[in-house]
Structure formats: structure tokens, C-alpha cells
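# Residue-level structural notes
Chain by chain, the residues:
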Amino acid sequence: MSPSLAKVRKGSLCAGCGLCAGISADAIAMQIDEAGFARPRQTRPLAPAGERVFADACPALKVEPWEGFAPGAAIDTYWGPYRQCLTGHAVESETRHTGSSGGAISALAIHALETGIVAQVLQVIADPDRPLGNRLTVSRSREEILQAAGSRYAPSSPLADIAAFLDAGVPTLFIAKPCDVSALRRLARHDERVDTVFPVKLSFFCGGIPSEKGAETIVREMGMEPDRVVNFRYRGNGWPGLTVAEDDEGRSGEMSYEQSWGKHLSGKVQFRCKICPDPVGGVADIACADAWYGGETGYPQFDEAEGRSLVMVRTAAGERLLDSARAAGVIATEGLDIREIDLMQPAQARRKRRISARMAACRAALRPVTRTAGLRVAAAARREPIIIRIKEFAGTMRRIVQGRI
């Protein structure tokens, strides 16, 4: 087995991004395991060059640091590098309604495609053969981008075919999870084609990747069987949008976001996400999120409303794209004091404060952890009361001893 893959497995650190498969020349493939997560399966030895890239770029082992990433950007301990901190939404009503929050990512992708900044968009869409799961798709039109809009709270491996995209050389906008973008940034250190093929990288604030079994419990609570589902949408078509399922007999069900995420999905998140040092897309060109209207629960304090996106512009490339989209009337934005995000996304701030204690428990148990240099992890930990950090350490250690990690 690859030494890097062995280390990832020992620490239960896999994020499921697929990078190892993408750079392995078919020595590794991604598959959904019995627990419902995307995991690598190695079938033959990895070449030395592939092993070196794996060891340096895999987000289970190393995460691209915020420090030094975006010249000219301020860096916030919770929210990462930023040149502009905004709220906004897609101006076009269908795009705003279809997206999970205000449709900002979809609007930016459509604008980049229609103005020739890129020729296609690489994103994740519901798998037609397994609607509760995901597959990769390449969008080349507004309609295709909107078909893939909306959150997909299930495993995805957007880097599993990265070699094919780099070989093809087609300018592509990349939309993916923060760990996927981190892996792509680190891959660029080894392959100069990355930033030419992927000139724009967009991400979002990520609450963690649940097992596909989380969606199965939702469907069963709706009174249907997972293998009979033909359509399944986690969010979108409103804000925050309902989770909606339909089976092959025409039965349908729906569930609120607070119920679907809070009751079913959040409790089935993989361990790597619980110690993620950058769940906010800190090395994307632009990262977006729900700009919730206050509240300490991390959930919206209303039923349904017109979507509003948090827009964190991190790089000069991201700024150019946003400025172009605003000038074209594609997206509307307003300035936001960065401390307002503390109220919009309290769960993200809380996780950042606690991951140091969780990682300390892993180290005490002689388990490998993700490298977090340059990501303000220690600074965030100092903002958490010591009693909470002790409880997090003890709780993580208990789960390790019980074999639940």
C-alpha cells in the first residue's frame, strides 16, 4: 500500500476528494464504502512521482496555508484571507431561486462561461443512477449550470479524473468543496498546467460531508425506500429550501433544512471534517455561504425567504470576476463587516476554535493528523474557554478508544 494512503487510513483522515486516484495513473480508484463515504481503493503500486504528489497535495495530510496565499488580502482567524467581504445575490430571479442561498456561485459561473473567461464548468450534480449520491459533470451552458445548482450533502470526488482535464487543456471553472480546492492548489505546486486549465476556483463554506446513509434515513422518514427514489434534492428552489424526494411510484416527501441537516445529516459527517482547519474555502478565489439573518443556532430564523449569499473575495482573480459580473448586472452586492459573519456562521467559528483540542487527542492516541501550518488553528483555540477544550479532548479520546473514529 502507498505509505501516504496507509497514513490517511490510520488517522481516518480521508476527505474523499479523489486526488490520489486522479494522479495515480489508475493505481487507485474511488468507491463508496460500506459506511457510505467515498474512499480510495489501491489495486497496484503507486509510481514514485505519484507518491510524492500524494504526500504533498492530499488534503488529509496537508492543507494549503492561508498565510502568504493571497497577497494584499487581510486574514481573519475564522474566515480566512479576503480582499472584499460582502453579501449579495444573483440578479436574475431563476438563478437566485435555484441556488442554495442567493445563487452567487451559479451567477458567477454563468458569467465566466458566457464571457469566455472559461469554456466549461466542472461541478457536482445528482447521480441519475443513484439520486441520493453525486457524480461529476461538465457544464457548458447556463441551463446545465442551473441543473447542478443547489447543495449536495453527500460524498463527491471531483479530483478523481483530474489528469484527463489537465491533458485536455480546456479552460475550466472549478466549483468544489474547500478540501478539493486546497488539493488543487497544492497540485499546482507540482503541475504548472493547473492554473492555466483552472483559472478560477470557487468554493463554499462546508459543514462537513455526511455519509450517503444520512440521506437514506431522510427518505425512510418520508415513508419511502432509498432504492426506489428517482429524484432527490437536498436544498435549493428557495432559501434555505426544502429537502425533496420522489420515488418511482410517484410518491413524494419534503423536509425542512433544519430537520434534514440538523437531525439526520450533521450527525453522519466523516471524521476528517470534524478536524478540518479550512472549512470556509480559504484558498478559493471566491468562497460563498449562506448569509443567515443572525441567530446562534447556525440555522435560519425564518421559513423561506429570498436567498442571500455571503461572498468572500480572496484573490485578485476572484476580484476581477466579481467586478466583471457586477458591471454586467449579473450579481448585486453590499459591503459587510467581517464580524457579522460570526453571527451568520456560528457553527463554523465554534468548530475552528475546537479542532486543536480534537487533534491533540488524536496525537495523544498516536494517530496521524492533518498538517495545519499557516491556518490560524492555534489562534482560534485561544478564543475557546479551557474547560471546553478539555471536554473536546476527552470526548475525542473516548471516541478513539471506543473505535468510533
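## Notes on the sheet that holds strand β11 (residues 243–247)
The strands making up a sheet associate through backbone hydrogen bonding, with each pair oriented either parallel or antiparallel. Reading across from one edge, β10-β11-β12 is the order of the three strands in this open sheet, with antiparallel pairing throughout. Each of the sheet's edge strands pairs with one partner strand only, and the pair in question is β10 (229–233) and β12 (252–255). Within the sheet, the average angular offset between the axes of one strand and its neighbour, ignoring direction, is 10 degrees. Of the pairings in the sheet, the one linking β10 to β11 comprises four bridges and is antiparallel in character. Opposite Arg 233, over in β11, you have Val 244 as the bridge partner. Its contacts with the sheet put helix α10 (residues 212–221) on β10, β11 and β12, and the angle it makes with β10 is roughly 110 degrees.

## Regarding the side chain of Thr 243
Take Thr 243: it is sitting in strand β11. Its relative accessible area of 0% is what places Thr 243 among the buried residues. Side-chain polar atoms of Thr 243 contact the side chain of Ser 260, separated by 3.0 Å. If near-sequence neighbours (up to four positions away) are discounted, Thr 243 is found in contact with Ile 218, Met 222, Phe 232, Arg 233, Tyr 234, Gly 253, Glu 254, Met 255 and Ser 260.

## Topic: the packing of aromatic side chains
Taken as a whole, this structure holds 10 aromatic pairs when the rule is applied. Consider the rings of Phe 165 and Phe 198, whose centres lie 6.5 Å apart with planes at 50 degrees: the pair is tilted. With Phe 165 in helix α7 (residues 162–168) and Phe 198 in the loop between α9 (194–197) and β9 (200–204), this pair connects stretches of sequence that are 33 residues apart. Take Phe 165 and Phe 198: they sit in the same class, and that class is buried. Grouped by ring-pair contacts, the aromatic residues Tyr 153, Phe 232, Tyr 234 and Trp 261 constitute a single cluster. When the ring centre of Tyr 257 is taken as reference, the NZ or CZ atom of Arg 235 above it lies at 4.6 Å.

## Focus on the pairing of β9
With four of five residues buried, β9 lies mostly within the body of the structure. Two strands pair when backbone bridges link them, and strand β8 (residues 172–175) and β9 are joined in this way by three bridges, in the parallel orientation. Bridge pairing in β9 places Phe 174 opposite Lys 201. Sheet analysis places β9 next to strand β13 (residues 286–290), joined by three bridges and oriented parallel. If you follow Ser 203 over to β13, its bridge partner there is Ala 287.

## Here we look at the sheet that holds strand β5 (residues 84–90)
Here eight strands make up an open sheet; going across it, the order is β7-β6-β8-β9-β13-β14-β5-β15 and the pairing mixed. With partners counted over all chains shown, the strands left at the sheet margins are β7 (130–139) and β15 (331–335), one partner each. If you compare each strand with its neighbour and ignore which way they point, the axes differ by 30 degrees on average. The sheet contact formed by β5 and strand β14 (residues 309–313) spans five bridges and is antiparallel. Each residue of the ladder has a partner; that of Leu 86, found in β14, is Val 311.

## Digging into the environment of Lys 352
Its location among the elements puts Lys 352 in helix α15 (residues 346–364). Among the residues examined, Lys 352 registers a relative accessible area of 2% and is labelled buried. For the pair formed by Lys 352 and Gly 169, sequence separation is 183 residues and the distance between their alpha carbons is 37 Å. When sequence neighbours within four positions are dropped, the list of residues in contact with Lys 352 reads Trp 66, Thr 77, Tyr 78, Pro 277, Leu 375, Arg 376, Val 377 and Ala 380.

## Focus: the pattern of salt bridges
In total, this model carries 32 salt bridges according to the counting rule given. For the salt bridge of Glu 249 with Arg 228, the shortest nitrogen-to-oxygen distance reads 3.1 Å. Taken together, the residues span a long stretch of sequence, with Glu 249 in the loop between β11 and β12 and Arg 228 in the loop between α10 and β10 at a distance of 21 residues. Given a relative accessible area of 31%, Arg 228 falls into the partly exposed group. For Arg 326, the salt bridge is made with Asp 323, and the minimal N-O distance between the two is 2.7 Å. Pair noted here: Arg 326 and Asp 323 are both in helix α13 (residues 316–327), with a separation of three residues, about one helical turn. Residue classification places Arg 326 among the partly exposed positions, given a relative accessible area of 26%. On the basis of relative accessibility, which here comes to 37%, the residue Asp 323 falls in the partly exposed class. Look at the salt bridges and you will find they share partners, linking Asp 56, Lys 62, Glu 64, Arg 186 and Arg 189 into a network.

Criteria and thresholds
- Residues numbered from 1 in each chain as written.
- Predicted model: local features only at pLDDT ≥ 70, side-chain atom pairs only at ≥ 80, totals over all residues.
- Heavy atoms only, no water.
- Pairing = 2+ DSSP bridges.
- Helix = DSSP H or I, 4+ residues; strand = E, 2+ residues; numbered from the N terminus.
- Axes fitted to C-alpha atoms, helices over the stretch in contact; angles between N-to-C directions.
- Contact = heavy atoms within 4.5 Å.
- Buried < 20%, exposed > 50% of the residue type's maximum accessible area, 1.4 Å probe, protein only.
- Polar contact = N/O pair within 3.5 Å; in protein donor to acceptor, adjacent residues only side chain to side chain.
- Phe/Tyr/Trp six-rings, centres within 6.5 Å; stacked < 30°, edge-to-face > 60°.
- Lys NZ or Arg CZ within 6 Å of the ring centre and 35° of its normal.
- Salt bridge = Lys/Arg side-chain N within 4 Å of Asp/Glu carboxyl O.

In short, the description is geometric, and any link to function would need to be established separately.
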